[in-house]
Number of protein chains: 2
Amino acid sequence: MSESPIAIIACGGLLALECIEQMRAANPRTVVIALAGESRPEVVDRADHVLKWGQVGQLVKALERSGARRVLLIGSISQRPDFRAVAGDLETLKWLPRLVTTMSGGDDNVLRKVIGFFESSGYRIVSVAEAAPNLLAAEGTLTRKAPGAADRRDIDLGLAVLDAIAPFDVGQAVVVGAGRVAAVEAAEGTDPMIERIAEIRRQRRVAWKERAGILVKATKSQQDLRVDLPVIGPETVERCAAAGMAGIAVEAGRVVIAARAVCIERADEHGLFIHACRVAR
Amino acid sequence: MSESPIAIIACGGLLALECIEQMRAANPRTVVIALAGESRPEVVDRADHVLKWGQVGQLVKALERSGARRVLLIGSISQRPDFRAVAGDLETLKWLPRLVTTMSGGDDNVLRKVIGFFESSGYRIVSVAEAAPNLLAAEGTLTRKAPGAADRRDIDLGLAVLDAIAPFDVGQAVVVGAGRVAAVEAAEGTDPMIERIAEIRRQRRVAWKERAGILVKATKSQQDLRVDLPVIGPETVERCAAAGMAGIAVEAGRVVIAARAVCIERADEHGLFIHACRVAR
């Protein structure tokens, strides 16, 4: 007899699709819930239920009927929900005051409250590591190119900065090169941070030659890995390549590589490395 | 008899002009050296010598003739110098290899080497605090509007983040609002960091209402205050106002407020506060 199914609430991005495929291969009873306006069409096509922002009552009903007791929350939310525009139902009205309070404070705070909502309803939130373990980066270099000694020093510097800001729920990525921290991610997210590297170089604010600058991405030490695992994907690789960067370093076992084969292919084409390193915690 | 004069090497920005005026009022023998392409026209007009990038020999000669033994380095350098394009002289060729090595590593590293150059030639580098002490922000609120209790918590959070990243020579400013660190300055500098706040808000990556977000600016703990004192000025105030921000908090006694009267006037017009707070070191 197969294990009890996991329900996946699949929001934006390719990763949700990969999770669905891995999870359904492992257990065909996996329940897929998509979010209209956030989930990709391929995810919506595979969904058992497609809900709109704020249809909390529908969500509760769908979960109850599915028999799932474990829930994976996956994928990006492009915007914080605008509560004046959601397709609310009665259950939403009941939850609204509590949800609205989640919209101030850091991301971690929001996610803790979302988890609290599911847990108080009797569900256990699981991580990608439990639901689709093959998606996590294992220690080592994935690409033909590997980081050199200077790159490894830059990666260590980047990890040290991430560790220093971890208590403040700032961000989970930095760009480092030639001993210099060029960019620190905060509310803008990883992609805009990578994009400003090109401008920083054009203004000669860093003295980098040829391909230089490493995206270093790791978990915040206080981050809840069940709902907020850092992810890189082919778009991350393309953005780093376009910014003239040299590679990507992620924390082994705690960062997801979406569409791994495509990531490696693109990185090899551009001559970038992708490296996963063990971080002492 | 007046004190021995200070030579001011006046680069970009309004602050150099203010320093010249305060220093000449205190000692008419103050020697003003402008940098072509960096100094403002008003500074060039008041200069005893106007040098180009890399005219190190001319600089040494000008300093020797002036009788100054103290040097104030002030103002911004818009770009790291391109050594293929400098108007070099013989002395520059001698220094070039040493100067080129200063162009990797953090700003602090560059500045340490520039200081080393002057000190090894027998000059003492002085800070704005010594040369023009009235330009530093004293503890307290300068504007009609003052930070409230929540603002003070945000300021404390910003100062804590700056303190955490200080060992890594990252940057000297952050933007914080409603308990959230929205932006951290690294190589891009303070102005682009402020400018991205508008985009962060439009994308609803922070849940701020009305005027919100405080620019918190302090010295890096390992920073050499003789050559790298943080500065705010009227353009900083205008940028913060344009980004919908609520105020500016600076470290008292260690941040320069350029064109103070104009800063206060603009901040009052927009309803922003400017507050200088004591930081324990």
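Definitions and limits used
- Residues numbered from 1 in each chain as written.
- Chains lettered and ligands numbered in written order.
- Predicted model: local features only at pLDDT ≥ 70, side-chain atom pairs only at ≥ 80, totals over all residues.
- Heavy atoms only, no water.
- Helix = DSSP H or I, 4+ residues; strand = E, 2+ residues; numbered from the N terminus.
- Contact = heavy atoms within 4.5 Å.
- Pairing = 2+ DSSP bridges.
- Axes fitted to C-alpha atoms, helices over the stretch in contact; angles between N-to-C directions.
- Core = buried A, V, L, I, M, F, W, Y, C linked by side-chain atoms within 4.5 Å.
- Buried < 20%, exposed > 50% of the residue type's maximum accessible area, 1.4 Å probe, protein only.
- Parallel < 35°, antiparallel > 145°, perpendicular 65-115°, else oblique.
- Left-handed = near helix turned anticlockwise from the far one by under 90°.
- Nonpolar A, V, L, I, M, F, W, Y, C, P; charged D, E, K, R; others polar.
- Phe/Tyr/Trp six-rings, centres within 6.5 Å; stacked < 30°, edge-to-face > 60°.
- Lys NZ or Arg CZ within 6 Å of the ring centre and 35° of its normal.
- Expected span 1.5 Å × (residues − 1).

Colleague: Residues and numbers for the environment of B:Gly177, please.
Modeller: Residues and elements named next belong to chain B. By the element assignment, Gly177 lies in strand E7 (residues 173-177). Each C-alpha atom, one on Gly177 and one on Ala132, is 33 Å from the other, the two residues being 45 residues apart in sequence. Beyond its immediate sequence surroundings of up to four residues, Gly177 is in contact with Asp154, Trp208 and Gly213.

Colleague: I'd like a description of the sheet that holds strand E1 (residues 6-10) of chain B, backed by residues and values.
Modeller: Residues and elements named next belong to chain B. Taken in spatial order, the five strands make up an open sheet running E3-E2-E1-E4-E5, and their pairing is parallel. In this open sheet, the two edge strands, each paired with only one partner strand, are strand E3 (49-51) and strand E5 (124-126). Sheet twist, expressed as the mean angle between neighbouring strand axes with direction ignored, is 25°. Helix H1 (residues 14-26) rests against E1, strand E2 (31-35) and strand E4 (70-74) of the sheet, and its axis sits at about 165° to E1. Against the sheet, helix H3 (residues 56-66) contacts E1, E2, E3 and E4, and its axis sits at roughly 170° relative to E2.

Colleague: Account for the nonpolar core, naming residues and giving values.
Modeller: In this structure, A:Val184 and B:Val184 are the most contacted members of the largest nonpolar core, which totals 36 residues. Leaving out residues up to four positions away in the same chain, A:Val184 has contacts with A:Ile165, A:Ala173, A:Val174, A:Met193, A:Arg196, B:Val170, B:Val184, B:Ala186 and B:Arg196.

Colleague: Break down the packing of helix H9 (residues 234-242) of chain B against helix H10 (residues 260-270) of chain B for me, with residues and values.
Modeller: Residue and element names in this part refer to chain B. Where H9 meets H10, the axes come as close as 8 Å, and the angle between the chain directions of the two elements is 15°. With respect to their mutual orientation, H9 and H10 come out roughly parallel. The way H9 lies across H10 gives a crossing that is right-handed. From H9, Pro234, Val237, Glu238 and Ala241 reach across to H10, where they touch Val262, Cys263, Arg266, Ala267 and His270. For the contact of H9 with H10, the class distribution of residues is six nonpolar, one polar and two charged.

Colleague: A description of the sheet that holds strand E3 (residues 49-51) of chain A should follow, citing residues and the corresponding values.
Modeller: Residue and element names in this part refer to chain A. The strand order across the open sheet formed by five strands is E3-E2-E1-E4-E5, and the pairing between neighbours is parallel. The open sheet is flanked by E3 and strand E5 (124-126), the only strands paired with a single partner. Shown here is a sheet whose adjacent strand axes are inclined to one another by a mean of 25°, direction ignored. The strands touched by helix H1 (residues 14-26) are strand E1 (6-10), strand E2 (31-35) and strand E4 (70-74); relative to E1, the strand with the most contacts, the crossing angle is about 165°.

Colleague: Explain the environment of A:Ala146 to me, and be specific about the residues and the numbers.
Modeller: Residues and elements named next belong to chain A. As for its position among the elements, Ala146 is in the loop between strand E6 (140-141) and helix H7 (149-165). Of the residues examined, Ala146 reaches a relative accessible area of 41% and is grouped as partly exposed. A sequence separation of 31 residues divides Ala146 from Gly177, and the C-alpha atoms of the two residues are 15 Å apart. The residues touching Ala146, leaving out its near neighbours within four places in the chain, are Thr141 and Phe273.

Colleague: Summarise the packing of helix H8 (residues 190-202) of chain A against helix H9 (residues 234-242) of chain A; cite the residues concerned and give the values.
Modeller: Residues and elements named next belong to chain A. Here H8 crosses H9 at 20°, and the two axes come no closer than 8 Å. With respect to H9, the element H8 is oriented roughly parallel. As H8 runs across H9, the sense of the crossing is left-handed. Of H9, the residues touching H8 (which contributes Asp191, Ile194 and Glu195) are Thr236, Arg239 and Cys240. The residue inventory of the contact of H8 with H9, partitioned by class, reads two nonpolar, one polar and three charged.

Colleague: Mind laying out the environment of B:Leu272, listing which residues take part and the relevant values?
Modeller: Mapped onto the secondary structure, B:Leu272 falls in the loop between H10 and strand E13 (273-277). Filtering out sequence-adjacent residues up to four positions away, B:Leu272 remains in contact with B:Thr143, B:Lys145, B:Arg211, B:Val237, B:Cys240, B:Ala241, B:Met245, B:Ala246, B:Gly247 and B:Ala267.

Colleague: Can you tell me about the pairing of strand E8 (residues 180-184) of chain B, naming the residues and giving the values?
Modeller: Residue and element names in this part refer to chain B. Most of E8 sits inside the fold, with five of its five residues counted as buried. Direction of pairing for E7 relative to E8: antiparallel, over a ladder of four bridges. Counterpart to Val174 in the pairing with E8 is Val184. Hairpin connection of E7 to E8: two residues between the antiparallel strands, including Ala178 at a positive phi of 50°.

Colleague: Please give an account of the pairing of E4(B) that cites residues and values.
Modeller: Residue and element names in this part refer to chain B. Taking burial as the measure, the five residues of E4 include five buried ones, the bulk of the element. Judged by which residues are buried, E4 turns out to be covered on both faces: Arg70, Leu72 and Ile74 on one side and Val71 and Leu73 on the other are all buried. As judged from the five bridges shared by E1 and E4, these two strands associate in the parallel manner. Each residue of the ladder has a partner; that of Ala10, found in E4, is Ile74. Examined bridge by bridge, E4 and E5 share three bridges and lie parallel to one another. Bridge assignment links Leu72 to a residue of E5, and that residue is Val126.

Colleague: So what's going on with the side chain of B:Asp268? Residues and values would help.
Modeller: Looking at the secondary structure, you find B:Asp268 in helix H10. Under the relative-accessibility criterion, B:Asp268 is labelled buried at 19%.

Colleague: Before we move on, can you summarise the packing of aromatic side chains with the specific residues and values?
Modeller: Counting across every chain of the model gives zero aromatic pairs over all chains. When the ring centre of A:Tyr123 is taken as origin, the NZ or CZ atom of A:Arg69, which lies over that ring, is 4.6 Å away.

Colleague: Explain H7(A) residue by residue, including any values.
Modeller: In this model H7(A) runs 25 Å from its N-terminal to its C-terminal C-alpha over 17 residues, within 8% of the 24 Å that 1.5 Å per residue would give. Inspection of H7(A) places A:Asp154, A:Ile155, A:Leu157, A:Gly158, A:Leu159, A:Val161, A:Leu162, A:Ala164 and A:Ile165 among the buried residues, and these make up the whole buried set. Where the residues of H7(A) are buried, they touch strand E7 (173-177), strand E8 (180-184), strand E9 (214-217), strand E11 (247-251) and strand E13 (273-277) of chain A together with helix H7 (149-165) of chain B.

Nothing here speaks to function; it is geometry throughout.
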